[in-house]
Amino acid sequence: MKTKQLFALILTFSAVLISSAIKAQENEAFPAQSSQITFAYPLGTNGVDAISVSNRFSVNVLYGVNGGLDGLELGGILNYNDGDVYGVQLAGIANINREYTNGLMLAGSFNLTLDDARGIQLADLNVANGDFTGVQAGVFNYASGLRGVQFGLINIVGEDNGALPIGLINVVRGGYYELEFVASEVLYTNVNYKMGVEHFYTIFKLGSSRYESNPVYSIGLGFGTMLTLAEKHKISMDLSVNHIVYNEEWNPDDNCMSKFDLTYRYGLGEHVSLLAGPSFNWYVSEISVNDGFGTLNIPSHSHNFSHNNKQQWMWLGFNAGLAYRF
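A.B. asks: Outline the layout of surface pockets, supporting the account with residue identities and numerical values.
C.D. replies: Taken as a whole, the largest pocket encloses approximately 250 Å³ of empty space. What lines the largest pocket is a set of 17 residues, and nearest its centre among them are Lys234, Gly267, Gly269, Glu270 and Ser273. Of all the secondary structure elements, the ones that give two or more residues to the lining of the largest pocket are strand 14 (176-184), strand 18 (233-246), strand 19 (255-267) and strand 20 (272-285). Broken down by element, the lining of the largest pocket gets its largest block of residues, three residues, from strand 19. Per-class residue counts for the lining of the largest pocket are five nonpolar, five polar and seven charged.

Following this line, the structure appears as structure tokens:
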């Protein structure tokens with residue numbers, strides 16, 4: 001873990017302890033004040049009473065513990081508010097709000113809301129411990145309930161209230177998780193794992209075939225979306241890039257195939273579906289085998305051309321298989 005992220009977590013714990021020690025009852029409406037400045041709580045214009053005062057303009061040179069916000073707050077390290085927050089918070093490391101939040105939270109490492117929130121969170125780590133409406137963008141995003149969009153490497157949603165997680169790993173309670181077994185004209189055997197929601201999911205792909213009596217494997221990554229036509233009838237549209245490994249040797253030279261798959265899906269029951277549909281394939285290779293380029297059995301109807309000392313092929317193919325939905 002980065003040092004600044006660890007520091008943010010330590011400050012989070014410290015701020016919560018301070019709040020618990022000073023606060024004698026649940027938050028009510030705090031008295032408002034036009035502005036305050038704090039070096040490090042309680043060394044500020046509001047002193048130890050800062051946790052009971054809501055501000056329209058708040059400056060925390062290192063870190064501040066305040067009663068709420070209706071305006072703008074700036075923090076060198078940490079902004080912590082024990083009451084409702086409306087407006088914009090900018091912090092070097094972390095923003096932490098205990099009650100309702102509505103606005104923009106921008107931090108160097110960490111944004112945390114402990115109650116319902118609405119707006120935008122931008123940081124390495126964004127955590128909404130209540131229902132969140134809006135946009136979370138960071139390396140890791142979590143929302144107890146989400147109506148809105150997450151952009152991140154890892155996205156986690158406790159309850160889907162209209163969630164659209166866009167990232168590498170998308171974990172949604174009650175979301176879309178499916179394992180596909182698919183055959184195609186070039187990569188004969190394929191296993192695809194999809195995770196996310198039907199509107200947007202990530203695809204992890206493995207495939208195998210043979211060329212010149214040697215094994216061929218593929219490893220790929222993609223994303224897709226699904227449309228429901230009727231109860232048992234759906235259409236999926238998937239875009240992926242697959243690196244081709246020939247004869248069990250990982251070659252750093254270009255040898256990859258991009259695919260767009262348009263697949264009709266017929267549900268046989270709650271978990272199992274039949275799959276079939278066309279695919280558009282674009283294969284690029286600079287690997288030479290037996291005086292020829294490429295390590296796949298390219299269909300004869302493909303269109304072949306050369307560009308930047310690489311051979312390229314395009315063709316229309318077909319996929320068919322079976323899927324199991326978890």
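A.B. asks: Can you break down the side chain of Lys194 residue by residue, with the values?
C.D. replies: Here Lys194 is to be found in strand 15 (residues 189-197). The buried category is assigned to Lys194, whose relative accessible area is 0%. When sequence neighbours within four positions are dropped, the list of residues in contact with Lys194 reads Tyr176, Tyr177, Glu178, Glu180, Tyr201, Thr202, Ile203, Ser236, Asp238 and Arg265.

A.B. asks: Explain the pairing of strand 6 (residues 85-91) residue by residue, including any values.
C.D. replies: Strand residues, when the strand is regular, have side chains that alternate between the two faces of the sheet. Both strand 4 (residues 68-75) and strand 6 contribute to a ladder of seven bridges, which runs parallel. Pairing of Gly75 across the sheet is with Ala91, part of strand 6. Sheet analysis places strand 6 next to strand 8 (residues 101-107), joined by seven bridges and oriented parallel. Within strand 8, the position partnered with Leu90 by the bridge is Leu106.

A.B. asks: Provide a residue-level description of the environment of Leu146, including the pertinent values.
C.D. replies: Here Leu146 lies in strand 12 (residues 140-157). Distance from Leu146 to Gly158, taken between C-alpha atoms, is 7.7 Å for residues twelve residues apart in sequence. Ignoring sequence-local partners within four residues, the contact set of Leu146 consists of Phe132, Gly134, Val157, Glu159, Asp160, Asn161, Gly162 and Ala163.

A.B. asks: Break down the nonpolar core for me, citing the residues and quoting the values.
C.D. replies: Val65, Leu78, Ala94, Ile96, Phe110 and Leu112 are the most contacted members of the largest nonpolar core, which has 14 residues in total. When residues of this core are traced back to their parent elements, those giving at least two are strand 5 (78-81), strand 7 (94-97), strand 9 (110-113) and strand 11 (125-137). Listed in part, the 13 residues of the second largest apolar core include Val216, Met257, Ile287 and Trp315.

A.B. asks: Which residues make up the pattern of salt bridges, and what are the values?
C.D. replies: Under the criterion given, the structure shown has eleven salt bridges. Note that Lys234 and Glu198 form a salt bridge whose closest N and O atoms lie 2.7 Å from each other. Here the residue Lys234 occupies a position in strand 18, and Glu198 occupies one in the loop between strand 15 and strand 16 (200-211), the gap between them amounting to 36 residues. Of the two residues, Lys234 and Glu198, both sit in the buried class. For Asp261, the salt bridge goes to Lys205, with nearest N and O atoms at 4.0 Å. Here Lys205 lies in strand 16 and Asp261 lies in strand 19, a separation of 56 residues in the sequence. Assigned by exposure class, Asp261 and Lys205 land together as buried. One network of salt bridges, in which partners are shared, links Glu178, Glu180, Lys194, Asp238 and Arg265.

Procedures and definitions
- Residues numbered from 1 in each chain as written.
- Predicted model: local features only at pLDDT ≥ 70, side-chain atom pairs only at ≥ 80, totals over all residues.
- Heavy atoms only, no water.
- 1 Å grid on protein atoms, 1.4 Å probe; cavity = no way out; pocket = protein on both sides within 12 Å on 5 of 7 lines; lining within 4 Å.
- Points joined across faces, edges and corners; volume = space filled by probe spheres on them.
- Helix = DSSP H or I, 4+ residues; strand = E, 2+ residues; numbered from the N terminus.
- Nonpolar A, V, L, I, M, F, W, Y, C, P; charged D, E, K, R; others polar.
- Buried < 20%, exposed > 50% of the residue type's maximum accessible area, 1.4 Å probe, protein only.
- Contact = heavy atoms within 4.5 Å.
- Pairing = 2+ DSSP bridges.
- Core = buried A, V, L, I, M, F, W, Y, C linked by side-chain atoms within 4.5 Å.
- Salt bridge = Lys/Arg side-chain N within 4 Å of Asp/Glu carboxyl O.

Geometry only, nothing functional implied.
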